[in-house]
Amino acid sequence: MHKDVKEILYTQEEITQKCKELGKTIMNDYHDKDLVMVGLLKGSVPFLAELSKFVNLDVTFDYMDVSSYEGVESRTITIKKDLDQDVNGKHILLVEDILDTGKTLSTVRAMLIERGAASVEIVTMLDKKEGREFPIEAKYSGYEIPNAFVVGFGLDFNEKYRNLPYVGILKEECYQ
Ligand code: 5GP
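Please read all numbers here as calculations on a predicted model, not as lab measurements.

Asks: I'm lost on the overall build of the chain in this one. Help?
Replies: For the chain, the count of helices and strands is three helices and eight strands. Its helices and strands taken in sequence order, the chain reads β-α-β-α-β-β-α-β-β-β-β from the N to the C terminus. Here the chain has a C-alpha radius of gyration of 16 Å; the compact-globule value for 176 residues is 16 Å, and the two agree. Contacts in the chain between residues far apart in sequence, at least 24 positions, make up 67% of those at least 6 positions apart. Taken as a whole, the chain presents about 8,800 Å² of accessible surface, with 48% of it coming from carbon and sulfur. Of the charged side chains in the chain, 22 are positive and 31 negative, and the gap between their average positions amounts to 2 Å.

Written out as structure tokens, the structure reads:
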């Protein structure tokens, strides 16, 4: 375990198993639709890669970068990289590492609906329900977690720890 991690919450094996379950449900729901999986950079990349292995449909991928977390505090949303494609009439599944206040996803979801997407749903690896400030829920959710600062499997602190093959709680002394 990394020296800055206090506790491992979910191992690689557990996350893979969860992705299998989520993938099966997503396949059922989208088997007759053209699905675009939209990863929110950068944190969703490992989860999107793992999850999509179990979505055995002709999906396409796109990416957006609207992340605003540069430390422990949340900031205002800005689009750093927009989608490459026109989403008009398409079924979009937003893929996120963690849903916290809901600000990021509610902003992005509203934007894609405004652009004419046929549907916009959310799959998140982790859900911090206690942190919610905006009225938004994920249709597909891996794990509900308490209000602690977690890293790994795509989640960073100051761009570090994204490569950890597990999700763990960061030691407080690393960000205090
Ligand atoms: P929201 O807009 O829902 O408040 O925040 C979503 C974003 O905040 C996530 O994509 C992630 O970048 C960041 N975030 C929220 N909680 C955590 C956390 O516990 N750890 C890390 N590393 N990022 C978090």
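Asks: Looking at this structure, how should I read the site of the ligand?
Replies: The local shell around the ligand holds 16 residues, among which Thr101, Thr104, Lys128, Val150 and Asp156 are the closest. In this structure, an oxygen atom belonging to the ligand sits 3.5 Å away from a main-chain N or O atom of lysine 103. One nitrogen or oxygen atom from the main chain of aspartate 156 is found 2.6 Å from a nitrogen atom belonging to the ligand. Taken by itself the ligand offers 510 Å² of open surface, and the protein chains cover 95% of this. Within the residue set of the shell around the ligand, elements represented by two or more residues are strand E4 (91-99) and helix H3 (103-114). In terms of residues, the shell around the ligand owes the most to one element, E4, which gives four residues. Classifying every residue of the shell around the ligand gives seven nonpolar, three polar and six charged.

Asks: Any chance you could explain helix H1 (residues 12-30) here in plain terms?
Replies: The periodicity of an α-helix, 3.6 residues per turn, causes residues three or four positions apart to be oriented the same way. The terminal C-alpha atoms of H1 lie 26 Å apart, and with 19 residues this matches the ideal 27 Å at 1.5 Å per residue to within 8%. Along H1, the residues classified as buried are Ile15, Thr16, Lys18, Cys19, Leu22, Gly23, Ile26 and Tyr30. Here the buried residues of H1 occupy an arc of 160° about the axis, which is enough to place them on one side. Across from the buried face of H1, at angles greater than 90 degrees, the exposed residues are Glu13, Lys24 and Asn28.

Asks: Please explain the sheet that holds strand E7 (residues 150-151) as it appears in this structure.
Replies: As summarised here, the arrangement of the three strands in space is E1-E8-E7, forming an open sheet in which the pairing is antiparallel. Either end of the sheet is taken by a strand with one partner, and the two such strands are strand E1 (5-10) and E7. In this structure, E7 lies alongside strand E8 (residues 167-170), joined through two bridges in antiparallel fashion. Counted as the bridge partner of valine 150 is isoleucine 169 from E8.

Asks: What's the story with the sheet that holds strand E3 (residues 60-64) in this structure? I'm lost.
Replies: By way of backbone hydrogen bonds, the strands of a sheet pair with one another, either parallel or antiparallel. The strand order across the open sheet built from five strands is E3-E2-E4-E5-E6, with neighbouring strands paired in parallel fashion. In this open sheet, the two strands that pair with only one neighbour each are E3 and strand E6 (140-144). Here the average twist between neighbouring strands, direction ignored, is 25°. When E4 meets strand E5 (residues 119-127), the two strands line up parallel, connected through eight bridges. Along E5, the bridge assignment pairs isoleucine 98 with leucine 126. Along the sheet, H1 contacts strand E2 (35-40), E4, E5 and E6; its crossing angle with E6, the most-contacted strand, is approximately 155°.

Asks: Looking at this model, I keep getting lost on the pattern of salt bridges. Mind explaining?
Replies: If charged atoms from side chains of opposite charge come close, those side chains can pair. Under the counting rule described, the total for this entry stands at 14 salt bridges. A salt bridge links glutamate 159 to lysine 42, with the nearest nitrogen and oxygen atoms 3.1 Å apart. Taken as a pair, glutamate 159 in the loop between E7 and E8 and lysine 42 in the loop between E2 and helix H2 (45-52) lie far apart in primary sequence, 117 residues in all. On the basis of relative accessible area, lysine 42 is assigned to the partly exposed category, the value being 42%. Taking the shortest distance from any N to any O, the salt bridge between glutamate 50 and lysine 53 comes out at 3.0 Å. Accessibility expressed as a relative area gives 57% for lysine 53, which makes it exposed. Linked through salt bridges whose partners overlap, the residues forming this network are Lys42, Asp156, Glu159 and Arg162.

Reading the values: rules and limits
- Residues numbered from 1 in each chain as written.
- Predicted model: local features only at pLDDT ≥ 70, side-chain atom pairs only at ≥ 80, totals over all residues.
- Heavy atoms only, no water.
- Helix = DSSP H or I, 4+ residues; strand = E, 2+ residues; numbered from the N terminus.
- Rg over C-alpha atoms; globule rule 2.2 N^0.38 Å.
- Contact = heavy atoms within 4.5 Å.
- Areas by Shrake-Rupley, 256 points an atom, 1.4 Å probe, with all protein chains shown as cover.
- Lys, Arg positive; Asp, Glu negative; His and termini not counted.
- Charge placed at Lys NZ, Arg CZ, Asp CG, Glu CD.
- Near = heavy atom within 4 Å.
- Polar contact = N/O pair within 3.5 Å; in protein donor to acceptor, adjacent residues only side chain to side chain.
- Nonpolar A, V, L, I, M, F, W, Y, C, P; charged D, E, K, R; others polar.
- Expected span 1.5 Å × (residues − 1).
- Buried < 20%, exposed > 50% of the residue type's maximum accessible area, 1.4 Å probe, protein only.
- Arc of directions from axis to C-beta.
- Pairing = 2+ DSSP bridges.
- Axes fitted to C-alpha atoms, helices over the stretch in contact; angles between N-to-C directions.
- Salt bridge = Lys/Arg side-chain N within 4 Å of Asp/Glu carboxyl O.

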